[in-house]
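Here is what each chain is made of, one letter per residue.
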Amino acid sequence: MSSHLLDVPADVVVLDQLVEKTLSNGMIVEVYLVKLSHQYEAALFVEGHYKPGPPLPRPLDTPTATAAYWMGVRPKAGLSQEEGDEILAAVNVQNKLHHCNFIDKWGVLDN
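Residues numbered from 1 in each chain as written. Predicted model: local features only at pLDDT ≥ 70, side-chain atom pairs only at ≥ 80, totals over all residues. Heavy atoms only, no water.

1. Side note on the overall build of the protein
Here's step 1: Within the protein, the secondary structure is distributed over 1 helix and 7 strands.
Here's step 2: In summary, the protein has a C-alpha radius of gyration of 14 Å against a globular reference of 13 Å for 111 residues, a match within 12%.
Here's step 3: Overall, the C-alpha framework of the protein stretches about 35 × 30 × 30 Å when taken along its three principal axes.
Here's step 4: Relative to its 111 residues, the protein shows a buried fraction of 40%.
Here's step 5: Put simply, 41% of the contacts in the protein that link residues at least 6 apart link residues at least 24 apart.
Here's step 6: A total of about 6,700 Å² of accessible surface is found on the protein, and carbon and sulfur atoms cover 54% of it.
Here's step 7: Counting 8 positive and 14 negative side-chain charges, the protein places the averaged centre of each group 7 Å from the other. (Helix = DSSP H or I, 4+ residues; strand = E, 2+ residues; numbered from the N terminus. Rg over C-alpha atoms; globule rule 2.2 N^0.38 Å. Buried < 20%, exposed > 50% of the residue type's maximum accessible area, 1.4 Å probe, protein only. Contact = heavy atoms within 4.5 Å. Areas by Shrake-Rupley, 256 points an atom, 1.4 Å probe, with all protein chains shown as cover. Lys, Arg positive; Asp, Glu negative; His and termini not counted. Charge placed at Lys NZ, Arg CZ, Asp CG, Glu CD.)

Have a look at this one:
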């Protein structure tokens, strides 16, 4: 299923596709459930290429009818309320099921 994905970090195991959508510019965006050594996260792929960013969808400051969450960095991908909720639920269920203590350190500077 995930054999077409590129630039996947060595410490990431791709498990299941959670969301696939075509953006208004025609680019295909996919969000996968992934496993790291200590927790489950969501990972964004644009046109099959891994894009770094937060491990879970982030709420938009000003949501619209079509976008309530975002993921990724350059480019950011907008997600609907339903898509974001589906991703959050899938990641949270896996972490709870496997007794993983989810820690979101994305964007936090290490001192």
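2. Considerations on the pattern of salt bridges
Here's step 1: Applying the stated criterion to the full structure yields 2 salt bridges.
Here's step 2: Measuring nitrogen to oxygen at the nearest pair gives 3.0 Å for the salt bridge that ties E83 to K21. Of this pair, E83 sits in helix α1 (residues 81–97) while K21 sits in strand β1 (residues 13–22), placing them 62 residues apart in sequence.
Here's step 3: For E83, a relative accessible area of 16% corresponds to the buried category.
Here's step 4: The class of K21 is buried, set by a relative accessible area of 18%.
Here's step 5: R58 is the partner of D104 in a salt bridge, and the nearest nitrogen-oxygen pair spans 2.7 Å. Remark: R58 occurs in strand β5 (residues 58–59) and D104 occurs in the segment after α1; sequence separation between them is 46 residues.
Here's step 6: Accessibility expressed as a relative area gives 29% for D104, which makes it partly exposed. (Salt bridge = Lys/Arg side-chain N within 4 Å of Asp/Glu carboxyl O.)

3. Describing unusual backbone geometry
Here's step 1: With a phi close to 65 degrees, D7 is a non-glycine residue in the positive phi region.
Here's step 2: You can see D7 is positioned in the segment before β1.
Here's step 3: Its identity as a non-glycine residue notwithstanding, H99 has a phi of 55 degrees, on the positive side.
Here's step 4: Mapped onto the secondary structure, H99 falls in the segment after α1.

4. Some remarks on the nonpolar core
Here's step 1: In this structure, V31, A42, L44, M71, I87 and V91 are the most contacted members of the largest nonpolar core, which totals 19 residues.
Here's step 2: Among the elements of the structure, β1, β2 (28–35), β3 (40–46), β6 (69–71), β7 (77–79) and α1 are those that each provide at least two residues to this core.
Here's step 3: The element best represented in this core is β3, accounting for 4 residues.
Here's step 4: Beyond its immediate chain neighbours, meaning those up to four positions away, V31 contacts D16, Q17, L18, V19, A42, A43, L44, M71 and I87.
Here's step 5: Within the second largest apolar cluster, 8 residues are counted, among which are L5, V34, L36 and F45. (Core = buried A, V, L, I, M, F, W, Y, C linked by side-chain atoms within 4.5 Å.)

5. Topic: the side chain of E30
Here's step 1: Locating E30 in the fold gives a position in strand β2.
Here's step 2: Buried and unpaired, E30 has K51 as its nearest opposite-charge partner, separated by 12 Å.
Here's step 3: In terms of polar contacts, E30 uses its side chain to reach the side chain of H4, at 3.2 Å.
Here's step 4: Polar side-chain contacts of E30 include one of 2.9 Å to the side chain of Q17.
Here's step 5: Those residues within four positions of E30 in sequence are excluded, and the remaining contacts are H4, L5, Q17, V19, E20, A43, L44, F45 and G48. (Polar contact = N/O pair within 3.5 Å; in protein donor to acceptor, adjacent residues only side chain to side chain.)

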